[in-house]
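Structure assessment
Chain by chain, the residues:
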Amino acid sequence: KKGFRCFLATGDCYRRDEIDSTHYPVFHQMEGVRIMGKDVSSEEVMVDLKDTLQGLVAHLFGSAETRWVDAYFPFTEPSLVFR
């Protein structure tokens, strides 16, 4: 059981959207994976996820204003948006 316990995968995404003043059909997406033990609660996972993403944004953009927004997406539960 060797290997990375956490990693990021980034890539360009393309959609068939029409280009207008608010939409462009190309964007960047990042997926993150962290393998945690079975004894970790879902609350601990959420705290770790938020801390990790806030740290990443602070590293990339400095002291940018951010906030978490509760959201609903039918393919994930729980769902959050980080702005």
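See above for the structure.
This is a predicted model, so every value here is computed, not measured.

A closer look at the pattern of salt bridges
- Applying the stated criterion across every chain, the model contains two salt bridges.
- For the salt bridge of D17 with R15, the shortest nitrogen-to-oxygen distance reads 3.6 Å.
- In this structure D17 comes out as partly exposed when scored by relative accessible area, which is 30%.
- One salt bridge in this structure joins D48 and R34, with 2.7 Å as the shortest N-O distance. Placement of the pair is D48 in helix α1 (residues 42–61) and R34 in strand β2 (residues 26–34), with a sequence separation of 14 residues.

Remarks on the layout of surface pockets
- Roughly 1300 Å³ of internal volume is contained in the largest pocket.
- Taken together, 33 residues line the largest pocket, and the ones lying closest to its centre are M30, E31, G32, L49 and L53.
- Of all the elements in the fold, those that place two or more residues in the lining of the largest pocket are β1 (6–14), β2, α1, β3 (68–73) and β4 (76–82).
- Tallied by class, the residues present in the lining of the largest pocket amount to 22 nonpolar, seven polar and four charged.

Cut-offs applied
Just so you know, the residues in each chain are numbered from 1, in the order the chain's sequence is written. Owing to the predicted nature of the model, reporting of local features is limited to residues with pLDDT of at least 70; listing and counting of side-chain atom pairs is limited to 80 or more, with chain, interface and lining totals taken over all residues. Based on all heavy atoms of the structure, the side-chain values leave hydrogens and waters out of the count. For this analysis, a salt bridge means a side-chain nitrogen from Lys or Arg found within 4 Å of a carboxyl oxygen belonging to Asp or Glu. Exposure categories follow from relative accessible area, calculated using a 1.4 Å probe and restricted to protein chains: below 20% of the type maximum is buried, above 50% is exposed, and the middle band is partly exposed. Under the scheme used here, helices are H or I runs from DSSP no shorter than 4 residues and strands are E runs no shorter than 2 residues, and both carry numbers assigned from the N terminus. Grid spacing is 1 Å over the protein atoms alone, the probe is 1.4 Å, and a cavity is where that probe fits but cannot get out, while a pocket is an open set with protein on both sides within 12 Å along at least five of seven lines and lining residues have an atom within 4 Å of a point. Grid points are joined across faces, edges and corners, and a volume is the space filled by probe spheres set on the points. In this classification, Asp, Glu, Lys and Arg are treated as charged, Ala, Val, Leu, Ile, Met, Phe, Trp, Tyr, Cys and Pro as nonpolar, and every other residue, Gly included, as polar.

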